[in-house]
Amino acid sequence: MTLMTLLLFIPACFALNMAPGPNNLLSMANAKRYGIRVACYAGMGRLVAFVGMITLAATGLATVLHTSEKVFLAVKIAGGLYFFWLAYQLWNADPTEGDNEALGGKNLLQLARQEFLLAAGNPKAILIFTAFLPQFVDPAGSVGLQFLILGTLFLLLEWVAIAGYAFFGKALRHWFSRPSMRRLFNRVCAGLLGSAGAGLLLARRE
C-alpha cells in the first residue's frame, strides 16, 4: 500500500463517514437529548458493528450477501422494520423531556445497542465495505494487513463523524429550546428515518 493510495482513501472514506445516514442522524438526536459525551459513547455500538463488517469483508464472508437472496432479504426486512420502530419512537417522543443531560429511561448500554442494531441492520453498509475497501487493497501485498490499516482509518474517521454530528445536535438543542420546536425536530428526524427504512426495504441486491 502506497502513500498515494492512503491519500486517495482518506478523503473518499471521510465523505462516506460524514454522509447523513441513519446512524449519524441518531447520533445527532442523542446529543440533542442527552449531550455530546453520551452520544459519542453510544456511537461505540456503531463502531462494534462496523468492526464485524470489516472483518467479514476481509475474510470474504460478505460474499454471502451477494450470492444469497434470502439472507439479503432477511437482513433488509429486519433493518427496515427497525428503522420504522425508531421513527415511531421519535415521532411520539415527549417534547418536554431533555432539559438536562440525564439519561432518563435509557441507559448508555441501551443507546449503544440502538446504534449497533441500526448499523448491523443495514445490509447496504456491509456492501459498502465489500465494494469500497477492496478498491484500495493491493492483491500483491498482505491483504489482511491492508484491511487492518484501512479498517482502522475508517473507524477513526467514523469516530470523527460521530463527534461532529453530536456537536451539531448539541447546537440544535439550544435552537430548539421550545417544546413545539423539539417536536418538529423529532418528527423531521422520524420522517428521515422512516424514509431510510422505506428505501432499505425497496433496495435491490446489486
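This report concerns the structure included in the present document. (Residues numbered from 1 in each chain as written. Predicted model: local features only at pLDDT ≥ 70, side-chain atom pairs only at ≥ 80, totals over all residues. Heavy atoms only, no water.)

### Quick word on the overall build of the protein
Here comes step 1: Looking only at helices and strands, the protein features 10 helices and zero strands.
Here comes step 2: Element order for the protein, N to C, with α for helix and β for strand: α-α-α-α-α-α-α-α-α-α.
Here comes step 3: Counting across all 206 residues of the protein, residues that qualify as buried make up 44%.
Here comes step 4: Sequence separation of 24 or more characterises 88% of the internal contacts of the protein that already satisfy a separation of 6 or more. (Helix = DSSP H or I, 4+ residues; strand = E, 2+ residues; numbered from the N terminus. Buried < 20%, exposed > 50% of the residue type's maximum accessible area, 1.4 Å probe, protein only. Contact = heavy atoms within 4.5 Å.)

### Overview of the pattern of salt bridges
Here comes step 1: For the structure on display, the rule yields two salt bridges.
Here comes step 2: Across the pair Arg46 and Glu115 runs a salt bridge whose closest N-O atoms are separated by 3.1 Å. Within this pair, whereas Arg46 is found in helix H4 (residues 44–59), its partner Glu115 is found in helix H7 (residues 108–120), the two being separated by 69 residues in sequence.
Here comes step 3: When its relative accessible area of 0% is taken as the criterion, Glu115 is described as buried.
Here comes step 4: The partner of Arg46 in a salt bridge is Glu158, with the nearest N and O atoms 2.6 Å apart. In this pair, Arg46 sits in helix H4 while Glu158 sits in helix H9 (residues 143–175), placing the two residues 112 residues apart along the sequence. (Salt bridge = Lys/Arg side-chain N within 4 Å of Asp/Glu carboxyl O.)

### Section: the environment of Pro20
Here comes step 1: Positionally, Pro20 belongs in the loop between helix H1 (3–18) and helix H2 (22–34).
Here comes step 2: For Pro20 and Tyr165, which are 145 residues apart along the polypeptide, the C-alpha to C-alpha distance reads 8.9 Å.

### So, the packing of aromatic side chains
Here comes step 1: Under the counting rule described, the total for this entry stands at one aromatic pair.
Here comes step 2: Here the aromatic rings of Phe50 and Phe154 are separated by 5.8 Å at their centres, their planes lie at 75 degrees, and the arrangement is edge-to-face. One end of the pair, Phe50, is in helix H4; the other, Phe154, is in helix H9, with 104 residues separating them in the sequence. Neither Phe50 nor Phe154 differs from the other in exposure class; each is buried. (Phe/Tyr/Trp six-rings, centres within 6.5 Å; stacked < 30°, edge-to-face > 60°.)

### Details of the nonpolar core
Here comes step 1: Phe9, Phe50, Phe129 and Leu133 are the most contacted members of the largest nonpolar core, which has 19 residues in total.
Here comes step 2: Looking at this core, the elements with two or more residues in it are H1, H4, helix H8 (123–132) and H9.
Here comes step 3: Per-element accounting of this core gives the leading share, five residues, to H4.
Here comes step 4: Look past the residues within four positions of Phe9 in its chain and what remains in contact with it is Phe132, Leu133, Phe136, Leu150, Leu153 and Phe154.
Here comes step 5: In terms of nonpolar packing, the next biggest core, distinct from the first, is built from six residues, Ala31, Ala39, Cys40 and Ala163 among them. (Core = buried A, V, L, I, M, F, W, Y, C linked by side-chain atoms within 4.5 Å.)

### Some remarks on the packing of H4 against H7
For any two helices packed against each other, the geometry is given by the interaxial angle and the distance between the axes.
Here comes step 1: Look at H4 against H7: their axes get within 6 Å of each other, and the N-to-C directions meet at 35 degrees. As for the relative orientation of H4 and H7, their crossing is right-handed in sense. Across the interface between the two elements, Gly45, Arg46, Val48, Ala49, Phe50 and Met53 from H4 touch Ala112, Glu115, Phe116, Ala119 and Ala120 from H7.
Here comes step 2: Of the residues belonging to the contact of H4 with H7, the class tally is eight nonpolar, one polar and two charged. (Axes fitted to C-alpha atoms, helices over the stretch in contact; angles between N-to-C directions. Left-handed = near helix turned anticlockwise from the far one by under 90°. Nonpolar A, V, L, I, M, F, W, Y, C, P; charged D, E, K, R; others polar.)

### Comments concerning the side chain of Asn17
Here comes step 1: Of note, Asn17 is situated in helix H1.
Here comes step 2: Under the relative-accessibility criterion, Asn17 is labelled buried at 1%.
Here comes step 3: Among the polar contacts made by the side chain of Asn17, one reaches the side chain of Glu158 at a distance of 2.7 Å.
Here comes step 4: Discounting residues that sit within four places of it in the chain, Asn17 has contacts with Asn24, Phe154, Leu157, Glu158 and Ala161. (Polar contact = N/O pair within 3.5 Å; in protein donor to acceptor, adjacent residues only side chain to side chain.)

### So, the packing of H2 against H7
Here comes step 1: At a minimum axis separation of 9 Å, H2 and H7 run at an interaxial angle of 165 degrees. Relative to H7, the element H2 lies roughly antiparallel. Crossing of H2 against H7: the hand is right-handed. Where H2 approaches H7, its residues Pro22, Asn23, Leu26, Ser27, Asn30 and Tyr34 are matched on the opposing element by Leu111, Gln114, Glu115, Leu118 and Ala119. (Parallel < 35°, antiparallel > 145°, perpendicular 65-115°, else oblique.)

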